[in-house]
Amino acid sequence: MSTTVTAEKFLATSIELATANVLNSGGPFGAVVVSADGRAFEGVNRVTASNDPTAHAEVTAIRNACRELGTFDLSGATLYTSCEPCPMCLASALWARIDRVFFAADRHDAASVGFDDAVFYEYFENDNRDELMPVARLELGDTGAPPVIQPFTTWNTLDSRIDY
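The structure contained in this document is the topic of the report that follows. (Residues numbered from 1 in each chain as written. Predicted model: local features only at pLDDT ≥ 70, side-chain atom pairs only at ≥ 80, totals over all residues. Heavy atoms only, no water.)

## Topic: helix α4 (residues 87-95)
- Every buried residue of α4 is listed here: P87, C89, S92 and A93.
- Considering only its buried residues, α4 is in contact with α3 (57-69), β3 (78-83), β4 (100-105) and α6 (118-123).
- Once α4 finishes, R97 follows within two positions and takes phi at roughly 65 degrees, a positive value. (Buried < 20%, exposed > 50% of the residue type's maximum accessible area, 1.4 Å probe, protein only. Helix = DSSP H or I, 4+ residues; strand = E, 2+ residues; numbered from the N terminus. Contact = heavy atoms within 4.5 Å.)

## Focus: the pairing of β3
- In terms of burial, β3 is a largely internal element, six of the six residues being buried.
- The sheet contact formed by strand β1 (residues 30-34) and β3 spans four bridges and is antiparallel. Each residue of the ladder has a partner; that of V34, found in β3, is T78.
- Strand direction decides the pairing type here: β3 and β4, joined by five bridges, are parallel. By the bridge assignment, T78 is partnered in β4 with R100.
- For the crossover from β3 across α4 to β4, the handedness is right-handed. (Pairing = 2+ DSSP bridges. Right-handed = clockwise from strand over helix to strand, strands pointing away.)

## Describing the pattern of salt bridges
- The final tally for this structure, using the stated rule, is four salt bridges.
- Between E68 and R67 there is a salt bridge, and its shortest N-O distance comes to 3.7 Å.
- Residue classification places E68 among the partly exposed residues on the basis of a relative accessible area of 48%.
- Between R107 and E84 there is a salt bridge; the shortest N-O distance is 2.9 Å. Of this pair, R107 sits in helix α5 (residues 107-111) while E84 sits in the loop between β3 and α4; the two residues are 23 residues apart in sequence, bridging distant segments of the chain. (Salt bridge = Lys/Arg side-chain N within 4 Å of Asp/Glu carboxyl O.)

## Considerations on the nonpolar core
- Formed by 17 residues in total, the largest nonpolar core has its most connected members in V33, I62, L74, L79 and I98.
- Only β1, α3 and β3 provide two or more residues apiece to this core.
- With five residues, α3 is the single largest residue contributor to this core.
- Residue contacts for L74: discarding those within four places in its chain leaves V33, I62, A65, C66, L69, A96, R97 and I98.
- Membership of the second largest hydrophobic core comes to eight residues, among which are L11, V34, V44 and Y80. (Core = buried A, V, L, I, M, F, W, Y, C linked by side-chain atoms within 4.5 Å.)

Structure below.
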C-alpha cells in the first residue's frame, strides 16, 4: 500500500471519528496519531461531554498514544485530524515531538459553523493580546519565599530527572 493511500485512510478515519462523535454528545472533531512503527491511536473531541476545555481530539489522541506506548516522546509519529489544529493542539503536537500533521477541513470551515479559533491564532500575533487575556510576570519581592528559579535549580541537580 502506498504512503498516500495510507495517509488518506487515516485522514478519512479522523473524519469518520468526528462524525460519529457528534452523535455521541461530542464535538465534530476526530484525530489519529500514527506512531513511527505504524500503530494508530484515536481521539475525539469531548470538551462539552466531559467539561474539559483541553479535551480536543488531537490532545486526546496524543494522550492515548503516549499512555499506550509508555512514552511522552512521539518522534516519528504523524497526526491526522479532521480539522486544522488550534494553537493548543499544535503546541501539544510540538511538545509530543510529532513529526508532521495532516488535516482535512481548515479553520475557516470550522468558523463557518461557530468554531472560530481565529482569536486564539491572533493572540500570538497581536500586540494588544492583553485585551483578550492578560499574562504577566508577578515579582515576589522580598517575601521570604524561595527564589523563583529554585524549581529549576532543584531540577538541574536531580540525577533521577527525565529530560524532555
